[in-house]
Amino acid sequence: MSMSPPVSPSPSVARPNVRFLLAHPAHFIALGFGAGLSRVAPGTVGTAWAWLAYLVLQHWLPSPLHMGLLIAASTVVGWWACTTTARDMAVADPGSIVWDEVVAFWLVLWLAMPMGWWGQLAAFALFRFFDAVKPGPVAWADSQFKGLGWRGGWGILWDDFVAAFCTLLVIAVWRFV
């Protein structure tokens, strides 16, 4: 009986590049149309991209319902894209996948708007805090779904949705007080 280590189906992609980004539609989506290629704070760059995209999209979509439908569709497509990209990178939750930040921050803006620029900036800062530091419920959510399959793909999105919920909870308390 051979004791050789198992052969990995694909080598790990430590840092994706433009070639990887363009190699598959799932990569293009999961890497946030290139935002995830940032060498510095790709999650923050992805969230900033989401903010800008939201501000543009709200002018093109005729009603908040359409934005909600876009967020729902982006969640399903993102689940596929994150699953596929993580598998192709051979990394369970790579930092360069930023579609989770995009969809979760769209959810924050969709539910918290209307807000002025300062309110949006506060939402951005709160979301980045909850996503990066992962206090309490976000850390719990981050530990729930791991791996390179569909379960792991959902896990990439799940902790960001919990970070979005925490952000919305703080905004709701702030507005109430």
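Residues numbered from 1 in each chain as written. Predicted model: local features only at pLDDT ≥ 70, side-chain atom pairs only at ≥ 80, totals over all residues. Heavy atoms only, no water.

Enquirer: Tell me about the pattern of salt bridges, and name the residues and values.
Expert: Summed over all chains, the structure comprises five salt bridges. Residues Arg-128 and Asp-131 are paired through a salt bridge, measuring 2.6 Å at the closest nitrogen-oxygen approach. With a gap of three residues between them, Arg-128 and Asp-131 both fall in helix H6 (residues 117–133), about one helical turn apart. When sorted by exposure, Arg-128 lands in the same class as Asp-131, which is buried. The closest approach of N and O atoms between Lys-134 and Asp-159, which form a salt bridge, is 2.9 Å. You can see Lys-134 sitting in the loop between H6 and helix H7 (136–144) and its partner Asp-159 sitting in helix H8 (residues 150–176), a full 25 residues away along the chain. Relative accessible area serves as the criterion here: at 2%, Asp-159 is assigned to the buried category. Each member of the salt-bridge network shares a partner with another, and the members are Arg-128, Asp-131, Lys-134 and Asp-159. (Salt bridge = Lys/Arg side-chain N within 4 Å of Asp/Glu carboxyl O. Helix = DSSP H or I, 4+ residues; strand = E, 2+ residues; numbered from the N terminus. Buried < 20%, exposed > 50% of the residue type's maximum accessible area, 1.4 Å probe, protein only.)

Enquirer: I'd love a proper account of the nonpolar core, names of residues and values included.
Expert: One finds Ile-97, Trp-99, Phe-105, Trp-106, Val-108, Leu-109 and Phe-127 to be the most contacted residues of the largest nonpolar core, which totals 46 residues. Mapped onto this core, the elements with two or more residues apiece are helix H1 (18–23), helix H2 (25–30), helix H3 (42–60), helix H4 (64–89), helix H5 (99–112), H6, H7 and H8. Per-element tally for this core: the top contributor is H5, with 10 residues. Sequence-distant contacts of Phe-105, that is, excluding residues within four places in its chain, are made with Thr-47, Ala-50, Trp-51, Gln-120, Ala-123, Phe-124 and Phe-127. (Core = buried A, V, L, I, M, F, W, Y, C linked by side-chain atoms within 4.5 Å. Contact = heavy atoms within 4.5 Å.)

Enquirer: Lay out empty space enclosed by the protein in plain terms, naming residues and giving numbers.
Expert: Summed over the entire model, instances satisfying the criterion amount to one cavity of 30 Å³ or more. Counted as a void, the largest cavity has a volume near 50 Å³. Ranked by the residues each element gives to the lining of the largest cavity, the list is headed by H8, at three residues. Of the residues in the lining of the largest cavity, the class split is three nonpolar, three polar and three charged. (1 Å grid on protein atoms, 1.4 Å probe; cavity = no way out; pocket = protein on both sides within 12 Å on 5 of 7 lines; lining within 4 Å. Points joined across faces, edges and corners; volume = space filled by probe spheres on them. Nonpolar A, V, L, I, M, F, W, Y, C, P; charged D, E, K, R; others polar.)

Enquirer: So what's going on with the side chain of Asp-142? Which residues, and what values?
Expert: With respect to the helices and strands, the residue Asp-142 is situated in helix H7. The contacts of Asp-142, once residues within four sequence positions are left out, are Asp-93, Lys-134 and Asp-159.

Enquirer: Can you break down the layout of surface pockets residue by residue, with the values?
Expert: Summary: where empty space remains is shown by rolling a probe the size of a single water molecule over the atoms. In this structure, the largest pocket occupies an estimated 150 Å³ of space. Asp-93, Asp-100, Glu-101, Asp-131 and Lys-134 are, among the 14 residues lining the largest pocket, the residues nearest its centre. Looking at the lining of the largest pocket, the elements that each hand over two or more residues are H5, H6 and H8. Broken down by element, the residue count for the lining of the largest pocket peaks at three residues, all from H6.

Enquirer: Explain the state of the cysteines to me, using residue names and the numbers behind them.
Expert: Think of a disulfide as a covalent bridge from one cysteine sulfur atom to another cysteine sulfur atom. Evaluation of the coordinates by the stated rule reveals zero disulfides. With no disulfide of its own, Cys-166 lies closest to Cys-82 among cysteine sulfurs, the gap being 19 Å. (Disulfide = S-S within 2.5 Å.)

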